Amino acid sequence: MVNITINHKKVQVREGATILEAASLAGIRIPTLCYLKEINEIGACRVCVVELKGKDMLVAACNTKVAEGMEVITNSAKVRHARQMNVELILSEHNTNCTACVRSGNCSLQQIANDLNIGRLPFPREYERKRWNREFPLIRNAGKCIKCMRCVQICEKVQTLGIWDIVNTGKRTSVGLADDIEIADSDCAVCGQCVTHCPVGALHERDDCEKLMDAIHDPDKIVVVQIAPAVRAAWGEGLGLSREMATEKRMAAAVRALGADYVFDTNFTADLTIMEEGSELIERLNHPEEYQWPMFTSCCPGWVRFLKSQYPDLTPNLSTAKSPQQMFGAVTKSWYAEILGVDPSRIFCASIMPCLAKKKECSLPVMNDAGAGQDVDLSLTTRELDRVIKAEMIIPALLPEEEFDMPLGVGSGAGVIFGATGGVMEAALRTAYAVLEGRNPAPDAFSVVRGPDGIKEAEVEIAGMKVKAAVAHGLGNARSLIEKVKTGEADYHFVEIMACPGGCSGGGGQPIRDGVELADVRGQILYRLDEDNPLRFSHENPSVIQAYEDYFEKPLSHRSHQLLHTDHDAWKMPNEP
């Protein structure tokens, strides 16, 4: 242990700790802007500077290690002046039109400027202007970039794609796309992790709120909204609701208050996905010689984009089952259109997802199997849901809870845990066990695949077969797992991969709380909802059973293949051979 003094307060910390960590332990706040623990500790913004006794130069607290006897002052006149000047310089190159910024009120730069009592901008203002493809789901506003490097480091170190890079030199140094290509021509997985780790509004999702409201106000449209499992664990964060108040039923009420004609739970098609994907796994296990192994889940479009761009030879390993979002669109414009007795073209299917990649997925030309345009017309993030609720002056705290509409509003506990890493695997194993053993397992029999570890492995015995499974979340972990598979170091039957760390709970479309990772907290909410649900198995969902009896006949039937499955080779990533 090391003994130091911070603001005349004695502090004992571990050897190798930074001044920033030591100050936090002592309850002393040091502002940061570019810092991300173990990812971006480069001291670029100079907002965390502190004074060391006996030293003339100020040092960055985020990457300066403590030393025995060190004396630190975090609030001297010299420190305050330097911080103010550094922030003023950053603001001189930042488009400070805060009222029209998607991050206004939730911006680290705005907060720090307020905290430092910066009421004027003494330096000439000039910020970068650069054209961007506004149709792409991921938008970059160059004028708001503060060159903190977070996006570069997240994409390189965590997601291993290296989409962002430093461009130009000297005064013209900026952040841009590696190799100066267009975003639509890149290998971007659209995972959105660069967005959730940007401290300002330089990166954000394409805003589709007006498109939703235009459809709602169109008298010829029947607006059907589906809401993904992970959204219920986070939607209240951007609205200031307590977790007790932000229930899934109040969420349904809020979306209905927007004017949607029908509000459904994507958990329904999460269960449907398990029926199709689980049946596909069983089919492969029964005829192992006919397939490439392992079988990969296909629920996450960010992961699918990653695989197709980085390992196109493994595309056949993907389950052909569509994601729950896309299954829901196909079901809505086929079976549900028949139930309503309407022309499918009148149905406008919108989704609320914790994800940016879903915006790209629903626009793929192959996702139109119901024959009424795109199966899913529009996908909004959880953040967009919060914004549109605010814009429509809806106060969720005053709304009574309401049920989802039927019959597509029934979801099992197995469906809800899709939003947490390992949830798809666990749900699939529950049903695969029931099908092969002829009886249900204990609902939590496969909880071994839960947890925050980047890669988890399990071997379970079902009907005398040993099924080797693995779960990975975050594309860097996915890459590590795939490399082990390719070299023969690892051997699996079934692999679940989610692009975002923590799975959908930590998705790129979830509410942002800078410096705090909430995926695990949200995931625990989903597991509690699973425990509280009297329905714990996808194959026991009465609406899913009804869908097969009335329309799809059985998993992997001709109609199921037509509407609920897809050909991953039918579309290409920009650089895919």
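Residues numbered from 1 in each chain as written. Predicted model: local features only at pLDDT ≥ 70, side-chain atom pairs only at ≥ 80, totals over all residues. Heavy atoms only, no water.

Student: What exactly am I supposed to notice about the side chain of S505 here?
Tutor: Within the secondary structure, S505 is located in the loop between β17 (494-498) and α16 (519-532). Residue classification places S505 among the buried residues on the basis of a relative accessible area of 0%. In contact with S505, not counting residues within four places along its chain, are A230, G419, A420, Q510, A519, R522, G523 and L526. (Helix = DSSP H or I, 4+ residues; strand = E, 2+ residues; numbered from the N terminus. Buried < 20%, exposed > 50% of the residue type's maximum accessible area, 1.4 Å probe, protein only. Contact = heavy atoms within 4.5 Å.)

Student: Explanation requested: the packing of helix α8 (residues 267-286) against helix α10 (residues 324-340) in the structure shown.
Tutor: Running from amino to carboxyl end, α8 crosses α10 at an angle of 100 degrees, the nearest separation of the two axes being 9 Å. Taken together, α8 and α10 sit at an angle that is classed as roughly perpendicular. Taken together, the residues of α10 that come into contact with α8 (itself represented by F268, T269, A270, L272, T273 and E276) are P324, M327, F328, V331 and W335. Across the contact of α8 with α10, the residue classes break down as eight nonpolar, two polar and one charged. (Axes fitted to C-alpha atoms, helices over the stretch in contact; angles between N-to-C directions. Parallel < 35°, antiparallel > 145°, perpendicular 65-115°, else oblique. Nonpolar A, V, L, I, M, F, W, Y, C, P; charged D, E, K, R; others polar.)

Student: How should unusual backbone geometry be read in this particular structure?
Tutor: Outside of glycine, negative phi angles account for most residues, and trans bonds account for most peptide bonds. A cis amide bond links W293 with the next residue in sequence, P294, at an omega value of 0 degrees. Tracing the chain through its elements places P294 in the loop between α8 and β12 (295-296). Phi angles above zero are rare outside glycine, and K147 is one such case at about 60 degrees. Summarising the element assignment, K147 is placed in the loop between β6 (138-140) and α4 (150-158).

Student: In this structure, what is going on with the nonpolar core? I would like to understand it.
Tutor: The nonpolar side chains of a soluble globular protein tend to be buried, and buried together. One finds V87, L109, W164, I227, W235, W303 and L385 to be the most contacted residues of the largest nonpolar core, which totals 127 residues. Among the elements that line this core, the one with the most residues is helix α14 (residues 423-437), at six residues. Leaving out residues up to four positions away in the same chain, L385 has contacts with V231, W235, V255, L258 and I352. The next biggest cluster of nonpolar side chains, apart from the first, holds 28 residues, and it includes F268, M275, W335 and V376. (Core = buried A, V, L, I, M, F, W, Y, C linked by side-chain atoms within 4.5 Å.)

Student: Help me understand the pattern of salt bridges in this model?
Tutor: A pair can form between side chains of opposite charge whenever their charged atoms are brought close. According to the stated counting rule, one finds 35 salt bridges in the structure shown. In this structure, E384 and K359 form a salt bridge, with 2.8 Å as the shortest nitrogen-oxygen distance. Of this pair, E384 sits in helix α12 (residues 382-391) while K359 sits in helix α11 (residues 357-362); the two residues are 25 residues apart in sequence, bridging distant segments of the chain. Residue E384 is classed as buried on the basis of its relative accessible area of 0%. Residue classification places K359 among the buried positions, given a relative accessible area of 1%. For the salt bridge of R536 with D444, the shortest nitrogen-to-oxygen distance reads 2.8 Å. Highlighted residues: R536 in the loop between α16 and α17 (542-552) and D444 in the loop between α14 and β15 (455-462), separated in sequence by 92 residues. The buried category is assigned to R536, whose relative accessible area is 11%. Salt bridges linked by common partners bring E426, R430, D444, R450, D530 and R536 together as one network. (Salt bridge = Lys/Arg side-chain N within 4 Å of Asp/Glu carboxyl O.)

Student: Hey, could you run me through the sheet that holds strand β1 (residues 2-6) in this one?
Tutor: Paired through backbone hydrogen bonds, the strands of a sheet run either parallel or antiparallel to each other. Pairing is mixed across the open sheet formed by five strands, whose spatial order is β2-β1-β5-β3-β4. On the outer flanks of this sheet lie β2 (9-13) and β4 (59-60), each paired with one strand and no other. In this sheet, strand β5 (residues 71-73) lies alongside strand β3 (residues 49-52) in antiparallel orientation, the contact comprising two bridges. Bridged to E51 within β5 is I73. Across the sheet, helix α2 (residues 77-92) is in contact with β3 and β5; its angle to β3 comes to roughly 155 degrees. (Pairing = 2+ DSSP bridges.)

Student: For this particular structure, what's the right way to read the sheet that holds strand β14 (residues 378-381)?
Tutor: Read from one edge to the other, the open sheet built from four strands follows the order β11-β10-β13-β14, with strand pairing classed as parallel. Edge strands, defined here as strands with exactly one partner in the open sheet, are β11 (262-265) and β14. Sheet twist, expressed as the mean angle between neighbouring strand axes with direction ignored, is 25 degrees. Where strand β13 (residues 347-353) and β14 come together, four bridges link them in parallel fashion.

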